[in-house]
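What the coordinates show
One letter stands for each residue in the lines below.
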Amino acid sequence: MTLRDVQKVLGARVLTGEESLDQVVVSSACGSDMMSDVLAFSKDHSILLTGLCNPQVIRTAELLDIVCLIFVRGKKPDETIIQMAKERGIIVMETGHRMFSSCGMLYQAGLHGGAI
Amino acid sequence: MNDAIVLKYQISPDDFTRAGEASSDVKGKLKQLGISPEAVRKVAIAMYEGEINMVIHANGGEIVVEITPAEIKMVLADVGPGIPDVEKAMKAGYSTAPDEVRNLGFGAGMGLPNMKKYTDDMKIETTIGVGTTITMLVKL
Ligand SMILES: Nc1ncnc2c1ncn2[C@@H]1O[C@H](COP(=O)(O)OP(=O)(O)O)[C@@H](O)[C@H]1O
Ligand SMILES: [Mg+2]
């Protein structure tokens, strides 16, 4: 599915990267608030869902080549974080749904966890 | 080796938000050099965990990365408190990090195991009250 589909499924607000939503096709995602877990287990995930809201999230995404970050449960990243994402070409969205629901909705829509 | 490229970084302990800058710089440089994506990923993850550890456990330090056609060597040296029991510290889930660190998404005790997992060789030299030097190798 495309990031546009992801955005619709989650009713997410796009904070940066709106222009590329239709082109970017994604096939797997991971969800975690612990960046070390993401670093340990993430393999070619294109999306990271997280309730953690700090610059280390962007750094983790950058180092793992994650293309899209989704902040769950209404976490609003500040301007510094959005700017960091913009500079690195990382797409950022924000949804009011909680982690469990967000992951479930995406899974049901066809997005899977991928290999571990 | 004569065609080694050496990169040096001072890691500041003062600003957690900047932790990882050195790792992302190295990642960018390795990419430019045309190093394989798998090797770049391994180096990026291992160095990032090590860099975070230097900031949260050891008051910062220095990282030297040496790139040759055969391998990438990372040497992370700090003058922090040292690690009392290395075997214990290497266990997945073992962490002495305070809750503030956990709230930042680290401190799950996965750092050292991750560094080992993503490198071909890892050596820890540590002395209590003097500091810790971690040397990691990723073969190309
Ligand atoms: N550079 C270091 N200096 C001193 N202690 C360290 C250093 N790196 C790791 N440690 C110790 O080893 C433990 C395990 O490290 P790690 O696996 O990275 O987990 P975490 O950083 O999540 O606590 C740390 O909690 C800390 O006690
Ligand atoms: Mg650590």
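Up top you'll find the structure we're talking about.
To start, this report covers the structure provided alongside it. (Residues numbered from 1 in each chain as written. Chains lettered and ligands numbered in written order. Predicted model: local features only at pLDDT ≥ 70, side-chain atom pairs only at ≥ 80, totals over all residues. Heavy atoms only, no water.)

**A few points about the pattern of salt bridges**
Tallying each qualifying case throughout the model produces 12 salt bridges over all chains. For Glu87 of chain A, the salt bridge is made with Arg88 of chain A, and the minimal N-O distance between the two is 3.6 Å. We classify Glu87 of chain A as exposed; its relative accessible area is 57%. Judged by its relative accessible area of 28%, Arg88 of chain A falls in the partly exposed class. The partner of Arg18 of chain B in a salt bridge is Glu21 of chain B, with the nearest N and O atoms 2.9 Å apart. (Salt bridge = Lys/Arg side-chain N within 4 Å of Asp/Glu carboxyl O. Buried < 20%, exposed > 50% of the residue type's maximum accessible area, 1.4 Å probe, protein only.)

**Focus: the packing of aromatic side chains**
Residues and elements named next belong to chain B. On inspection of all chains with the given rule, the structure shows 2 aromatic pairs over all chains. A ring pair is formed by Phe16 and Phe106, whose centres lie 6.3 Å apart and whose planes are at 70 degrees; its orientation type is edge-to-face. Here Phe106 lies in the loop between helix 4 (99-103) and helix 5 (111-117) and Phe16 lies in the loop between strand 1 (5-11) and helix 1 (21-32), a separation of 90 residues in the sequence. Assigned by exposure class, Phe16 and Phe106 land together as buried. With centroids separated by 5.7 Å and ring planes inclined at 90 degrees, the aromatic side chains of Tyr48 and Phe106 adopt a geometry described as edge-to-face. One end of the pair, Tyr48, is in helix 2 (residues 37-57); the other, Phe106, is in the loop between helix 4 and helix 5, with 58 residues separating them in the sequence. Three or more aromatic residues joined by ring pairs form one cluster here, namely Phe16, Tyr48 and Phe106. (Phe/Tyr/Trp six-rings, centres within 6.5 Å; stacked < 30°, edge-to-face > 60°. Helix = DSSP H or I, 4+ residues; strand = E, 2+ residues; numbered from the N terminus.)

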